[in-house]
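Residue-level structure breakdown
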Amino acid sequence: AEAGLQPGDFVVAINGDDINSINDLRNKVAGVTPGTTVPVDFYRDGEKQTLDVTVASAPGDEPIVGVQPGEPQGLSSQLGLEVAPFTPRLARQFGYRRPVQGVLITAVAPASPAAAAGLRPGIAILQVGNTPIDTVEAFEQALAEQSDRGIRLRVADPSGRSSFVFLAPE
């Protein structure tokens, strides 16, 4: 954010190296020495742009936040993610063209079960176990009713593709 990147920007290259996945992005950033400035190529609103970004040290257990302070948020610290209800503004911000029944992931803590499963801000959670989710409260309630051995989530991205993710609590 300090460099000018915004939620919803689609990063395609760092320091001239193409980015092919979220894990590739994490690895490329982790490979840059803190304090080094590198060009970051990204798309915003369909337009390719480049910013020079000075890489900082990774924060300890601070969440990677994808919304502005003050947004309604729920926190599931055990899994390392925060969610918010879908609002028209958040739906647009993350590229959803159709209404979605669920909650939106707004932050993922580094080195958490959510991060390990590849979850990121902008992913929708549609179900916890077999329970459909439509509010933050329903999400938190459904998490509380799950097994200590793990939690199955049905998630979707802005394209409408859905899949199942299994999270093992820490």
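The structure displayed is predicted, hence computed values, not measured ones. (Residues numbered from 1 in each chain as written. Predicted model: local features only at pLDDT ≥ 70, side-chain atom pairs only at ≥ 80, totals over all residues. Heavy atoms only, no water.)

**Section: the confidence of the model for the protein**
The share of residues in the protein with pLDDT of 70 or more is 85%, and the mean pLDDT across the chain is 81. Confidence drops under a pLDDT of 50 for residues 59–75, and excluding neighbours within four residues, the segment shows 40 contacts in the predicted structure. (pLDDT = per-residue confidence, 0-100. Contact = heavy atoms within 4.5 Å.)

**Some thoughts on the layout of surface pockets**
Within this model, the second largest pocket holds a volume of roughly 300 Å³. Contributing to the lining of the second largest pocket are 15 residues, with Pro7, Gly8, Asp9, Asp45 and Gln93 lying nearest its centre. Every element with two or more residues in the lining of the second largest pocket is listed here: β3 (37–44) and α2 (88–93). Ranked by the residues each element gives to the lining of the second largest pocket, the list is headed by α2, at three residues. Class assignment for the residues of the lining of the second largest pocket results in four nonpolar, six polar and five charged. (1 Å grid on protein atoms, 1.4 Å probe; cavity = no way out; pocket = protein on both sides within 12 Å on 5 of 7 lines; lining within 4 Å. Points joined across faces, edges and corners; volume = space filled by probe spheres on them. Helix = DSSP H or I, 4+ residues; strand = E, 2+ residues; numbered from the N terminus. Nonpolar A, V, L, I, M, F, W, Y, C, P; charged D, E, K, R; others polar.)

**Looking at the pattern of salt bridges**
Taken as a whole and judged by the stated rule, the model has two salt bridges. We note a salt bridge from Arg161 to Asp157, for which the minimum N-O separation is 2.9 Å. When its relative accessible area of 12% is taken as the criterion, Asp157 is described as buried. (Salt bridge = Lys/Arg side-chain N within 4 Å of Asp/Glu carboxyl O. Buried < 20%, exposed > 50% of the residue type's maximum accessible area, 1.4 Å probe, protein only.)

**So, the pairing of strand β11 (residues 151–156)**
As defined by bridge partners, strand β9 (residues 124–128) adjoins β11 across four bridges and the pair is classed as antiparallel. The partner of Ile125 across the bridge, within β11, is Val155. Strand direction decides the pairing type here: β11 and strand β12 (residues 162–167), joined by six bridges, are antiparallel. Looking at the pairing, Arg152 lines up with Phe166 of β12. (Pairing = 2+ DSSP bridges.)

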